[in-house]
Structure formats: C-alpha cells, structure tokens
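Here's the letter readout for the chains.
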Amino acid sequence: MIDTDSTSPSKPSSAAEPRPWGRTAAIPRLLFPCVPFRYESLLGFVARSAAANMHNTTALITAAAGSAHHIPFDMGHRERLSSDALALVLGTSGAEITRLRHLPILDDPMLMKCDFHGAWIPPQDLVVRVRRIAPRSLMDAPYHRAVWMHGLIPFSPDTGEHLIATCPACEGKLGWYRTAGIDICETCGFDLKTAESHHLSSADRVATSLMTSLIDPEETRHARAMARLPADVQALGRGAAFELGWTLAYAIAAPVEYVPRNRHQSLPVEQRVGLLAAAGAILEDWPGSVSGAIADWGTKKEFMGDPLVERLRSIGSRESWPFIRRLFKSRFPDLFKPKQRLARKLTDDRLSGGGAAKYLRISDTALRDLHAEGLVRTVAKSGGTRSFATFLKSDLDQLRGFVRDRITVAKASEALGITHFGVEQLVCIGLLETIDDPALSAVYPELRLSRRSLDKLMSQLSAPAAELAEGGEEIDLRNGLATVGGREKAWGHVIRDLCSGSMPYRIRPGSAYLARRIVVPKASTMTLRPLYAEGFDRSAYTIEFSPALNSRDVEDLMNIDAQRVIDAIPAEFSQYRVGPSSFDRCAMNRIAAERISFREISYRWLDGGSSMPKELRTKGRFPRLGVTGWNRAEIENYMG
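Described below are features of the structure shown in this document. Being a predicted model, the structure only gives us computed values, none of them experimental.

Remarks on the overall build of the protein
Check the secondary structure of the protein and you find 29 helices and 18 strands. In terms of C-alpha radius of gyration, the protein reaches 39 Å, well past the compact-globule figure of 26 Å for 640 residues. Projected onto the principal axes, the alpha-carbon positions of the protein cover approximately 120 × 75 × 45 Å. Counting the 640 residues in the protein, one finds 48% classified as buried. Within the protein, contacts between residues at least 6 apart in sequence are counted, and of these 65% link residues at least 24 apart.

See the structure below:
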C-alpha cells in the first residue's frame, strides 16, 4: 500500500532529476517498508517490498518514484529513476538504494562497464529481464541474492543449486513486473521454495569457487579469492581479474564455434560451469597457463587453422579493457607477431653447435668433447673437414640446469667466509650438495656444488637457531677457533652446531664475509678446543679432497693474518708452492703442527690480550723461529 506525506523536500536531490511528484504534490510512501538485506539485489528488494505491501505489480512503486512508464528491470543498472526518490517510496535511504544498484562506470564510452558491488563488469553480463532463483536458498532466507543477477554464473555459490527462471509447475517465466513475492510464481502461485533443482558436484563447486568469489559481494569471499591470484592480476581489480579469466578460458577451452562476448550468458549451463572452472585454473597459474596453451598450439600440425591465437589476440585488441590489454601485451609480446613466425619460434627445438654451446653456457670445445664421449647427442650431422651438428634444446635442458646451478668451492668459500677445506667438510656431512652428472663432471672435473644448497645453508646460518644471551662476554668465532691449534679447523662440525642451535651466536653487522662476522660466547673458548681439537677426519669420506691450500686456508690453518702469509712466502713457504697462491697441503699441515702463532697464544692463555709476554720477545727465553711463530712444543709445555 502507498500512503502520502504532506512534507516535501526543500529542494530536488539532483538538478538532472527534479522531484517527479511536482512542487506541491504529497510524497507517496509504502505503508509497510522493508529493510534491504546486505547482499540483496535492487530488483529483488523492490519486488519484495511490493509483495509485502500487497501490490501485484512493481509498477506502482516505480510510478510513485516518478516514472509511470518505467520498465522495472531497468532500475538496477540505469539511472532513469532517482535513488533518493525511490528510497523515499521504499522507506529507506538514497545511499542504500545506490549501494544496491549497478551504476555505469564512465571511463571508456566504447567499452561500457558497470559497478557490480565493487567489481567492474560488462553490463551485458547482468540478467535483468527474468528472475533467477535458487529454491533452497530462498527457503533459508526469502530474498533475491545480488550474485544471482550475474549471467555467467548459472548457479548459487552458497548452495551449488542451478538457478531456475521458469516455474516448475506451470512452466511460466519468472519476471519482475508482476510480483506476489520473490518465492511465489506470479502466474500460478506455486511456492518456489518447494521446487526441486539440480546441484553442482562438489568438485565443480571447488573448481569454480575462485571465479564466483571474485564477483561475490561478500567481502571475506572476494578477499580470499584475490589473495590466491598473482600480484599483477590482483592489480587489475577483482572485476577485471574475472573478465581476464573468463576471456582467457573462452579463448583456450571453448568449442571451435565462436559466440560474441555479449552473448556469453546464453551459453549452455554446462559450458559456463566448465569455463568458470577453467578460468580459475588459468588465473592461479598465470602466466604459465597461457604460455603453455600457446606452446601446445605451436606443436599442432594444422596450427594455422586453430583459432586460439586469434582469440588470444582479441584480448590485446581495442575490444578489451585498456588495463587488461596492457597487461596481456606486456606479458606475451611474441603473441602479436605473424602466426608463422610465432609457430616457428615455438616449435624450433633445434640448435646449431654454436647455439647449443651458448645455450649451455660452455665453450664450443667442451661441447665437442661431450659429443665425442657420447654424453650429448646430435639429431643431425654433416660435413667432412668441418662438421655441422644439430642438437635439440630438450636434450640439453637438464645439463643446462646443472650448469646454471653449479657453483665452485672457491665461490662457496667466499660466500660463507670459510676455508676451502671447510667447504669440503660441509659436503661430507651433507650441509652442501654436489651435482654428480657425468656430462657436467667432464666439463668441470673439480668439486661441483649446488648453488641451491648453498643458498639454503646461507639462509639457515643467517637466522641463528639459538641467539646469545644479552650482557655476556663475546668473542669472534674465528678468534675462538684459534684455540683449537695449528690444524685444519673443523668448520663442518662448527657450522652444523651453529645451525642446530648447539652453539648460540649472533651475526655482527657489516660487509665482511658471513663467518667472519659470527660472534659466540667468550666462555665457549674453553670448550672449543676439546670440541674441535681432533679436527676433521677426512679418511671417513670418499670425496676427492683438494691436495693444495690457498692463502685463506693457510691463514686459518696457522692462525695468522694475510700479511703474515705474504711475508712467510720467501723464507718459509717458497719451496711448498704449487701455484701462484696455493701451497702443498701436507707441508702446510706439518708446519702448522710445529709452529704456534701469537694469535693462538693470545686466545689460549692471555684472554685475547695484545701484550706479548717478555719470554716471547726478542732475546727472550723462546726465540721466534720465523714469520709463522714459535716452537709449538716448547710454548705448549711452558704455558701448560
């Protein structure tokens, strides 16, 4: 029922929308206003309000709001009726009516969009001329859900029911003009809540949930769906993400026959469900899903007759939304090259010898040696004096991955800030992995470490499992290890204990190598010697240890600094050099067992002090034997 109120607004709500009832006319209102549900459609709210006031048509409401000839299904997405005028009739606020509407987005007049509760959609996706309902949902709450207005979703996301638009009793179409209530057939009066309807399978509901949640007005649902998408798709907004997914799914998964985009809501239910499921999978695997589809197209024998490329190119054309178009063209620039050129690029798995060597990042000579040893194969070979071979990329992919992952002992040593023999120890105890591939070992015969395992160890070591207690005395780990003596330090065991939490530590800020910034409790100096004094038993392992030590290894072995190593070369180390900056391992270990440096003396007996005892000074009781230090046996016997 409609009543009147003699009070008129002081001025029109909009200059473009003057009060339809005139300057002096009374304002017609419903006697029994309803309160809109949060996720209700505007058409459903108006129809429900009409039924609650015993009207058998919505025309009385639209006429009271100012349009005697207004078509009811237009009110949701066209601004022919003032929101304020309609709100006055319905007994609610203009803001509430605006919230329920799907008003136009005026960013591009050639590509119309409307606001579907925060998601931009093409207006043609709205189903406004018929009333689609889900019986079971109406039984739970008798109001028309906004998401039922979206024509590409043929079921209710809440229950999985197929939406029906005809009465199962009289087969009459359900509309918006004559209403006896959302849940009553206006033709025969059948209670639609009791109608039987088909349901999606649980698998289909899960597969389509990403796409339906993007459109769903409920905040928690579409927020969870957006979180599942790659960052560049999230940046589009959820409506554009839905549109991208749908158009990609139609391009990749739809049948050969072409249906214009503005008629997609008329596709069969099964096809729309399948496209929603495919679209969700495509978006989650973006951009790999599209790259894979293009690659599959290129392998087809009749690729020129396949419409995939034309359909995908349409997403990068003026028919597509500008921000979707820009993202798509930036991701797949090759797609917009001539089709034959694109197909050749996709299907050309063949490489020349020079191309194969470049692909593997090895020298031409190394590739020839690998082929001579039967470690890589050719698919074609010609020529006599000069041979021309053809390789397949697919045959070389695994070796290429190994080459890219390979890192040398020197690089690992530098990254960690420990010795070469320390890196070898980490390999022995399993904290670093080696790449044992015949072809790779033929090119790189030295120890081949996995970069991924090094990155994992660096990450683990950079976050202490057990941190130092505040206020305690500290010491650099490298100085603490000097107490172990003149031997190869058991770096493998040390780093294992650091990573496991057996030894608390912190990492001092700075740019020095990682291990040289590790600080441990000073009290642990007393335990370092018994813990690691036995060194590392190489005889228990089968890897091929390096027979030489570099300068950094010698520093660590003899507890001296880099300058001392340089000074010792002419007088003490010259005869043991096996390279420009490498020394015989056995000889260096022998010297370390015979000599003791001041750094070791300081941290073993002088609490890290820098003042040299008089017994060690010039003309003291124990003369210095060279740059590397004093007689170890004498000093250890004297200092106890």
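Quick notes on the sheet that holds strand β11 (residues 474–476)
Read from one edge of the open sheet, three strands run β11-β13-β12, paired in antiparallel fashion. Only two strands of the sheet have a single partner each, and these edge strands are β11 and β12 (506–507). Pairing geometry for β12 and strand β13 (residues 518–521), over two bridges, is antiparallel. The residue bridging I507 from the neighbouring strand is I518, located in β13.

Quick look at the pattern of salt bridges
Tallied over the full model, the rule gives 32 salt bridges. Between R38 and E219 there is a salt bridge, with the nearest N and O atoms lying 2.7 Å from each other. Of this pair, R38 sits in the loop between β2 (27–30) and α1 (42–52) while E219 is found in helix α7 (residues 219–227), placing the two residues 181 residues apart along the sequence. Since its relative accessible area comes to 51%, R38 is described here as exposed. Given the relative accessible area of 35%, E219 is considered partly exposed. One connected set of salt bridges, linked through shared partners, spans D158, D216, E218 and R221.

A word on the layout of surface pockets
Size it by volume and the largest pocket reaches roughly 580 Å³. Lining the largest pocket are 23 residues, and of these E243, T247, R261, E319 and S320 sit closest to its centre. Sorting the residues of the lining of the largest pocket by element identifies α9 (238–253) and α12 (308–315) as the ones contributing at least two each. Considered class by class, the residues forming the lining of the largest pocket number 13 nonpolar, six polar and four charged.

Some remarks on the nonpolar core
Core analysis: the largest hydrophobic core is formed by 88 residues, its most contacted members being L214, L244, L248, W286, V290, L312 and F328. For this core, the element with the highest residue contribution is α9, accounting for nine residues. Once residues lying within four places of it in the same chain are set aside, the contact partners of L312 are L248, A251, I252, V290, I294, F328 and L335. Among the nonpolar cores identified, the runner-up in size contains 45 residues, and F421, L481, V520 and F583 belong to it.

A look at the pairing of β13
In the sheet, β11 pairs with β13 via three bridges, with the strands oriented antiparallel. Residue pairing across strands places E474 opposite P521, the latter belonging to β13.

Looking at empty space enclosed by the protein
The final tally for this structure, using the stated rule, is three cavities of 30 Å³ or more. Approximately 50 Å³ is the volume attributed to the largest cavity. Of the residues contributing to the lining of the largest cavity, the split by class is two nonpolar, two polar and four charged.

Focus: the packing of helix α21 (residues 451–462) against helix α23 (residues 491–500)
Where α21 contacts α23, the two axes come as close as 9 Å, and the packing angle between them is 60°. Here α21 is positioned oblique relative to α23, judged by the angle of their axes. Regarding α21 and α23, the two cross each other, and that crossing is left-handed. Of the residues in α23, those touching α21 at L457, Q460 and L461 are I495, L498 and C499. Considering only residue class, the contact of α21 with α23 consists of five nonpolar, one polar and no charged.

A word on helix α16 (residues 364–372)
Those residues of α16 that sit buried are A366, L367 and L370. Buried residues of α16 fall within an arc of 100° about the axis and therefore sit on the same side. The exposed set on the far side of α16, more than 90 degrees from its buried face, consists of R368 and A372. Immediately beyond the C-terminal end of α16, within one or two residues, lies G374, with a positive phi of roughly 75°.

What to know about the pairing of strand β4 (residues 113–116)
Bridge count for strand β3 (residues 104–105) against β4 is two bridges, and the pairing is antiparallel. The partner of I105 across the bridge, within β4, is K113. Where β4 meets strand β5 (residues 119–121), three bridges bridge the pair, whose relative direction is antiparallel. Considered in β5, the bridge of D115 is made with W120.

Describing the sheet that holds strand β14 (residues 548–550)
In space, the three strands of this open sheet follow the order β14-β16-β15, with antiparallel pairing throughout. Looking at strand neighbours, the two that pair on one side only are β14 and β15 (577–579), the edges of this open sheet. Within the sheet, the average angular offset between the axes of one strand and its neighbour, ignoring direction, is 40°. Relative to the sheet, helix α25 (residues 551–558) contacts β14 and β16 (582–584), its axis offset from that of β14 by approximately 90°. Across the sheet, helix α27 (residues 585–594) lies against β14 and β16, angled at about 75° from β16, the strand it touches most.

What counts, and where the lines are drawn
Residues numbered from 1 in each chain as written. Predicted model: local features only at pLDDT ≥ 70, side-chain atom pairs only at ≥ 80, totals over all residues. Heavy atoms only, no water. Helix = DSSP H or I, 4+ residues; strand = E, 2+ residues; numbered from the N terminus. Rg over C-alpha atoms; globule rule 2.2 N^0.38 Å. Buried < 20%, exposed > 50% of the residue type's maximum accessible area, 1.4 Å probe, protein only. Contact = heavy atoms within 4.5 Å. Pairing = 2+ DSSP bridges. Salt bridge = Lys/Arg side-chain N within 4 Å of Asp/Glu carboxyl O. 1 Å grid on protein atoms, 1.4 Å probe; cavity = no way out; pocket = protein on both sides within 12 Å on 5 of 7 lines; lining within 4 Å. Points joined across faces, edges and corners; volume = space filled by probe spheres on them. Nonpolar A, V, L, I, M, F, W, Y, C, P; charged D, E, K, R; others polar. Core = buried A, V, L, I, M, F, W, Y, C linked by side-chain atoms within 4.5 Å. Axes fitted to C-alpha atoms, helices over the stretch in contact; angles between N-to-C directions. Parallel < 35°, antiparallel > 145°, perpendicular 65-115°, else oblique. Left-handed = near helix turned anticlockwise from the far one by under 90°. Arc of directions from axis to C-beta.

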